[in-house]
Amino acid sequence: MRELELYFGPQHLGMVGNFSITLKVEGDRILEAQANPGYLHRGFEKLMEYRTWIQNFPMVCRINVIEPDSMEMVYAMAVEKLAGIEVPERANYIRTIVLELSRVSSHLFGLWAYANMLGFDTVAQWAMYHRDLILDLFEELTGGRVYHIYIWPGGVRRDFPEGFKDKIVNTLHSIGSCIPDYDNTFFNNRLFYERAKGIGKITQKEAKELGATGQVLRATGEKFDIRKVEPYAVYDKVDFEIPTREDGDAYSRIWVIRDEMIESVHMIFKLLDAMPEGSVYNKVPNPFKWKIPKGEAYVRVESSRGELGLYMVSNGEDKPYRVHFRTPSYTHGLVILEKLLKNASIADVGNIMISLYVIAPEIDR
Amino acid sequence: MDKGSIFSPFKSIKYLFKKPKTLRYPFEPKEPAKRYRGLHLNDWDKCTGCGNCADICPNEAITMKEIPEIKPKPEEGMKNERPRVDYGRCCFCGLCVDICPPGSLRLSRDYLHIHFKTDTFNLLAKDEKLDKEHFLPAKEYSILKASLSHRKEDNEGLVSDLKYSLFEPERVPMPQVKPERRRLSFIEQVIGYNREQAEREASRCLECKLCEEACPAHLKISDYIKAISENKPDESLKKIFEDNPIPSICGRVCMKYCEDACSLSIRGEAVAVRWLKRFVADSIKDYKTTLELKIAKPTGKKIAVIGAGPGGLSVSYFLALKGHKVTVFDSLSGGGGMMRIGPPLYRLPIEAIDKDINHIASLGVEFKFNTTVGKDILFEDILKEYEGVYLGIGTTISRSTKVKNADRCILALPFLEENKIGKGVKVGKEIIVIGGGNVAMDVAREALRLQQIQYPGEKTVTKMVSLEDWEIMPATKEEIEDTKAEGIQFNPNWGPKEIKVEDGKIKGLLCVKVKSVFDEQGRFRPTFYEEKEMLLEGDMVIEAIGQGSDFSFIPKPFFEKLEFTERRKVKVDENGQTSIPKLFAGGDIVNLNLDAVTAIADAKVAAEGIDKILLSNLR
C-alpha cells in the first residue's frame, strides 16, 4: 500500500490548539507521527529575563490558559524559595483551595475536550457549564475569570470576600449533584468504553522511562503525585487519596480524571473547615528595588496534567537570570504522543491526544 | 471494570425538559464581580502624577501624559501628568492599582470596547467625578453601546488596599529618647538609624522623584536613597555632596519639604529622607577620603563670604571646588551661623556642625571667626579687596512684642545662643514663652530642660502663648507633638497685652483672646476681643515671635544702592547678584522660606553666578 504524509492540525477539528502532528500513514494505519509545536511560541522564558520579579507575576499564568493557578504557584514558590519569603498559614490554605478549584475546572475542561472529540456533545456542554460556575468563583475571588493573577510571592493578592466560603460550598454541591448524570451519560456509557478501552495504551515501565507524570502515569497503576511526594502549600495537612487505574489506556486516564475531581472537591471541603484566620500576604520588598540574592531553585507542583516544575536562577539582580519550565504537556504531547500514535489508526489521533490532556500553550513557552 | 451500558445515557433524558442555562447575552447582561479587573478609573484630584503605575506596568501600557490645564504644585508633590492607558497593551493585571501611592488609580467593572480605529484604544483614565460626559448613570447606560467613552457610573472593580499594596506605607520607627528622659538634659533626642534600619527605610522609596522637585536645592534624593538601600553609603554621600555640602547639619534640622511631597505620605508615612541623609553623614567618618573631590586649578580669584551660615558655607564649598580662594567672615567663634546658635543641643550638637565645617575648611576655605564686619573689618574694604562678595547674613535680631514692660523680657536668639555656646541662662520656675513657631518651641523646650537642671525635684512650669490656634500654628506638627510630650502647657489663640511687673519682679503676662490672626487678604494683622483677658502667672517671659536682619554694617551710601523687594527682601537677579555689582546675596535675607536648605539653593545659584561673572572678567 502507498505511504502518505498527512498533516493533522494546526487547523483541524479535534486539534487541541495551535499544534500539529505530521502523520506518515499507510492506509488507515499510522507508521510514524511527528509532533510539531511552535505555533504558539511567545518566548515567555526569555521575556521573563527582562521583567522584574513582580512584573513576571502577571505573565506566568498565560503559559497555561486552562489552569493558570499552578503556573502562578510555581512562580511564587520559586521566588519565595530564592528570596526566603515566608507565606502566612491562611494564604497557604487559600492557595491550596484555589489550586484544587482550578484542578476541578481544568479537568472539567479536559472532559469537555474529550467528550466533544468523541461526539458526546451533551456531556461536553455540561462540563463547560460547570467549569463556568467555577470561573464565576474565580471572578469573585480574583477579579479575573481566566487569568487570575492571584497567587503571588508572599501569599495571595486579596483575602476571601465576604460569604465566599458558602459560595464555594454551594457551587461544588451543585456540580457534585450532577455526578450521577455524568456517570450515566458518559462514564457508564458502553459507547465510551468501546471507544476508549485499549486505545493509546502505555505500560507503567514505558511511562516511567519516557517521563510521564500525572494521570498518564497514574492510569498505569503508579501512585505518583507531587502533592504526596513533595508536599507544598498545606497538602501535608489534609487527607486525600490518589486515584489510580491499572490499564494505562485512554479509558483509564479519563476515569482517573473523574475520580480526581471528586477527590479534589472533598479536599476543598476539608480545607474550608480547617482554614485558619489571619493575614494572607507578607509584603514583598519594594518592587523597584527588589533584588534577589544569587541562587537557583527548582520547585514543582502537581498540576492537573502532571508534574509542573520551574527552574529559576537569580544572579542577584532585579530580574531572573534564567527561567525554565518543566511542563507536563511537553513530555506527554511530544514524546509519549509520538510513541502512542505509532500503529494507531487515524481515527484515534484525537482520542489519544486528548486523553493525554495535551495543552498546546504549555509546550511552547 | 464495568463496561457500562448503551442504555444508561437515556437516564439523562430529563434534561430535555429543563430550562436552558445559557445566558442570553447581551439581553441578560452578566454583572461582573466586585473585584473585577476592567478598564481604568483615575481620580485626578488625588492622582499626583508620580508615574509609579507607568514604571510597574509589565507591558509598558501606561504613559504619563502632561495635562496643561493642571497646575503643577511641586511643594505638595503634585505633577501635571496623568496616566494614559493603551488597551492594546494592557493585560488588566492591576499591578498599577497595587502600586498607586494615593490610591487614585482603580479598575472598573467596565470591560467592553470595540472599534475599528486603533487610536481609540488609548484612554486618559478619569472617573465619574471629572468626566460626567462619558460616565453615565445606570438609566442612561446601555451595554450595547459600552466602550471607552460610554461607561457606567459607580462601577468600581479592583481598588487599592494598603494591606496588599506593593509599597510599605509605614516608616521604620526612628529610635528616640523618651520624653520623660530627654526633658532632663540636653541629650540628642533622635538616636539615628543603624545600618539595617537605614537600608530598610531606604528600600521603601519608590523613586518617583516628586521629592526632588519639592526640594529647594533639588538634591538627587532618589539616587542617594537608592545607594543607601544598596548598602553603598559612600556613593550616597557623593550624590548628596553634588548639591548639599552640609549633610550632617541638614540631616538633623532640614525643613524636609521632600517629605511633604513624598507620594507615600498621602496614605502612609513619607520616606524618612532627612534621617537617611543624617545616617549617611554620620556613618562616614571622613568625608574627604570618601568623596575624592576634584578641585579645579587655582584661578587666583579672591571671594569674600560674609556669614558662615548654611548659605555662606555652601557658597564657599562650591566656589572652592571651582578653584577660587574663599575667605569667610563671621562674628561667632565657630561656623554654622544660625545653626550654631539656634537649634538646641538636643537637636543639633556642635560636633555635628563642626564635622561639615572642618570638611569645607579642609578644601582651602579660610574662616575668619570672631570677626564682625563693620567693626573688625569694614564692609567697603572687603568690597574693594575681593573680586566677589557673598552676603549670607541671615536674620540675627529677635523681634519684640513691644507690649508694656517688654524690655523685661528675654529675646529668643540671645537665650538660645547663651545656652548653646555660652554659659547658660539662669531661668525662673514659671516661664512663659510667647510665640508659636519652631523657634518658640525650641525656646520652650530648652527652658524646660534648664528648669529641670537648675531646680531638680522642684515644681516648675513652662507655658506657651501663641496668637495662632492649633490648626494654623506655624511650627511643624512633629515639633508641636514633641513639645507637648515633654509636658509644656500650650495657650493657643491668646495675644500678649502687658507684662505684669510688681516690686520690680515679673508677675506674669496679661493676655487677650484673639479674634483673628490674618485679615481678608491673608496678611498678618491680628485682632482681639479686648474684653476677654487672662493673666498667665510667671516669673520669666521669653519672646520668640520672629527675627529680622541686621544691615547696620553696610555703610549708608552702599545701603541706599541696595534694592529690596516689596516683602523687604534683598533683590537679586538670576545669578544671585544684588543691585550692587560684585555683591551677591542669598538665604534668609533673600527668600521667604527662612531655612537652611533654601539658603543652600540660593548659594548654589550665587556660586554659579559668581563663577560666571568672574570668568567673564577673565576674558
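Up top you'll find the structure we're talking about.
(A) Expanded view of the overall build of chain A. Across its full length, chain A carries 15 helices and eight strands. Seen through its principal axes, chain A has C-alpha atoms that stretch 65 × 45 × 35 Å. Look at the contacts in chain A between residues 6 or more apart in sequence, and 72% of them connect residues 24 or more apart. Here chain A has roughly 13000 Å² of accessible surface; of this, 50% comes from carbon and sulfur atoms.

(B) Looking closely at the interface of chain B and chain A. Taken together, the contacts link 54 residues of chain B with 46 residues of chain A. Both sides together, the interface formed by chain B and chain A hides about 4000 Å², and carbon and sulfur atoms give 52% of it. Linking B:Asp98 and A:Arg157 is a salt bridge whose minimum nitrogen-to-oxygen distance equals 2.9 Å. Secondary structure elements with two or more residues in the side of chain B that touches chain A: helix H1 (52–56), helix H2 (95–99) and helix H6 (221–229) of chain B. Here the residues of the side of chain B that touches chain A sort into 25 nonpolar, eleven polar and 18 charged.

(C) Focus on helix H18 (residues 477–485) of chain B. All names here are of chain B. Within the span of H18, buried status applies to Glu 479, Ile 480, Asp 482 and Thr 483. Summarising the axial view, the buried residues of H18 lie within an arc of 165°, below the 170-degree limit, and thus occupy one face. Contacts made by the buried residues of H18 are with helix H3 (179–182), helix H17 (438–454), strand E15 (461–466) and strand E16 (489–492). Positioned one or two residues after H18, Gly 487 has a phi angle of 95°, which is positive.

(D) The arrangement of helix H4 (residues 195–202) of chain B in detail. Residues and elements named next belong to chain B. Within H4, burial applies to Gln 197, Ala 198, Glu 201 and Ala 202. The buried residues of H4 occupy an angular sector of 130° when projected down its axis, which confines them to one face. At its buried positions, H4 is contacted by H6 and helix H10 (273–283). Measuring from the side-chain oxygen of the N-cap residue of H4 to the backbone nitrogen of Glu 196 gives 3.2 Å; that N-cap residue is Asn 194.

(E) Representation of the nonpolar core in the model. Counting 207 residues, the largest nonpolar core has A:Ile21, A:Ile168, A:Phe186 and A:Phe192 as the members making the most contacts within it. Those residues in contact with A:Phe192, other than ones at most four positions away along the chain, are A:Tyr114, A:Leu118, A:Phe120, A:Phe186, A:Phe187, A:Lys197, A:Tyr251, A:Ile254 and A:Trp255.

(F) The side chain of B:Ser236, seen in detail. All names here are of chain B. Examined against the element boundaries, Ser 236 turns out to sit in helix H7 (residues 233–241). Judged by its relative accessible area of 0%, Ser 236 is buried. Among the polar contacts listed, one links the side chain of Ser 236 to the backbone oxygen of Tyr 224, at a separation of 2.9 Å. The residues contacting Ser 236, other than those within four sequence positions of it, are Tyr 224, Ala 227, Ile 228 and Val 280.

(G) Expanded view of a nonpolar patch on the surface. Residues A:Leu191, B:Ile6, B:Phe7, B:Phe10, B:Ile13, B:Leu16 and B:Phe17 make up a contiguous nonpolar surface patch of roughly 840 Å² in combined accessible area. Its location among the elements puts B:Ile13 in the segment before strand E1 (40–42). Owing to a relative accessible area of 46%, B:Ile13 belongs among the partly exposed residues under this scheme.

(H) Up close: unusual backbone geometry. All names here are of chain B. Omega for the bond connecting Tyr 25 with Pro 26 falls within 30 degrees of zero, at 5°, which places this linkage in the cis form. Note on placement: Pro 26 falls in the segment before E1. Phi is positive for Asp 154, which is not a glycine, with a value near 45°. Topologically, Asp 154 is positioned in the loop between strand E7 (151–152) and H3. Its relative accessible area of 60% is what places Asp 154 among the exposed residues. Its identity as a non-glycine residue notwithstanding, Lys 256 has a phi of 45°, on the positive side. Along the chain, the position of Lys 256 falls in the loop between helix H8 (247–253) and helix H9 (257–261).

(I) Geometry of the layout of surface pockets. Roughly 800 Å³ of internal volume is contained in the second largest pocket. In this structure, the second largest pocket is lined by 23 residues; those nearest its centre are A:Gln125, A:Tyr129, B:Pro20, B:Lys21 and B:Thr22. Its residues placed into classes, the lining of the second largest pocket shows nine nonpolar, six polar and eight charged.

(J) The pattern of salt bridges, seen in detail. All told, the structure shown has 86 salt bridges over all chains when counted by the stated rule. Of the charged contacts in the structure, one is a salt bridge between A:Asp249 and A:Lys197, with a shortest N-O distance of 3.4 Å. Remark: A:Lys197 occurs in the loop between helix H8 (190–196) and helix H9 (204–209) and A:Asp249 occurs in the loop between helix H11 (226–229) and helix H12 (250–274); sequence separation between them is 52 residues. For A:Asp249, a relative accessible area of 0% translates into the label buried. According to the relative accessible area criterion, A:Lys197 is partly exposed, its value standing at 25%. B:Arg278 serves as the salt-bridge partner of B:Asp282, at 3.4 Å between the closest nitrogen and oxygen. Here B:Asp282 pairs with B:Arg278, and both are found in helix H10, just four residues apart, close to one helical turn. A relative accessible area of 3% means that B:Arg278 is categorised as buried. Overlapping salt bridges, with partners in common, bring together B:Arg182, B:Arg347, B:Asp442, B:Arg445, B:Arg449, B:Glu479, B:Asp482 and B:Glu486 in one network.

(K) Inspection of the packing of helix H5 (residues 121–142) of chain A against helix H6 (residues 164–176) of chain A at higher detail. Residues and elements named next belong to chain A. Two elements in contact, H5 and H6, have axes separated by 10 Å at closest approach and are oriented at 175°. Taken together, H5 and H6 sit at an angle that is classed as roughly antiparallel. Here H5 contributes His 130, Leu 133, Ile 134, Leu 137, Glu 140 and Leu 141 to the contact with H6, which in turn contributes Phe 164, Lys 167, Ile 168, Thr 171, Ser 174 and Ile 175. Looking at the contact of H5 with H6 residue by residue, the classes come out as seven nonpolar, three polar and two charged.

(L) Structural detail: the packing of aromatic side chains. All names here are of chain A. In this structure the tally under the stated criterion is 33 aromatic pairs over all chains. Centroid distance Trp 126 to Tyr 182: 5.8 Å. Interplanar angle 80°. Geometry classified as edge-to-face. Remark: Tyr 182 occurs in helix H7 (residues 179–187) and Trp 126 occurs in helix H5; sequence separation between them is 56 residues. Taking relative accessible area as the criterion, Trp 126 reaches 12% and is therefore assigned buried. Through successive ring pairs, a cluster of aromatic residues spans Tyr 114, Phe 120, Phe 186, Phe 187, Phe 192, Tyr 193, Tyr 251 and Trp 255. Over the ring of Phe 240 we find Lys 228; its NZ or CZ atom is 4.1 Å from the centre of that ring.

Conventions we followed
- Residues numbered from 1 in each chain as written.
- Chains lettered and ligands numbered in written order.
- Predicted model: local features only at pLDDT ≥ 70, side-chain atom pairs only at ≥ 80, totals over all residues.
- Heavy atoms only, no water.
- Helix = DSSP H or I, 4+ residues; strand = E, 2+ residues; numbered from the N terminus.
- Contact = heavy atoms within 4.5 Å.
- Areas by Shrake-Rupley, 256 points an atom, 1.4 Å probe, with all protein chains shown as cover.
- Buried area = accessible area lost by both parts, 1.4 Å probe.
- Salt bridge = Lys/Arg side-chain N within 4 Å of Asp/Glu carboxyl O.
- Nonpolar A, V, L, I, M, F, W, Y, C, P; charged D, E, K, R; others polar.
- Buried < 20%, exposed > 50% of the residue type's maximum accessible area, 1.4 Å probe, protein only.
- Arc of directions from axis to C-beta.
- Polar contact = N/O pair within 3.5 Å; in protein donor to acceptor, adjacent residues only side chain to side chain.
- Core = buried A, V, L, I, M, F, W, Y, C linked by side-chain atoms within 4.5 Å.
- Patch = residues over 30% accessible without salt bridge, like charges linked within 9 Å, V, L, I, M, F, W, Y side chains within 5 Å.
- 1 Å grid on protein atoms, 1.4 Å probe; cavity = no way out; pocket = protein on both sides within 12 Å on 5 of 7 lines; lining within 4 Å.
- Points joined across faces, edges and corners; volume = space filled by probe spheres on them.
- Axes fitted to C-alpha atoms, helices over the stretch in contact; angles between N-to-C directions.
- Parallel < 35°, antiparallel > 145°, perpendicular 65-115°, else oblique.
- Phe/Tyr/Trp six-rings, centres within 6.5 Å; stacked < 30°, edge-to-face > 60°.
- Lys NZ or Arg CZ within 6 Å of the ring centre and 35° of its normal.

In short, shape yes, function no, at least from these values alone.
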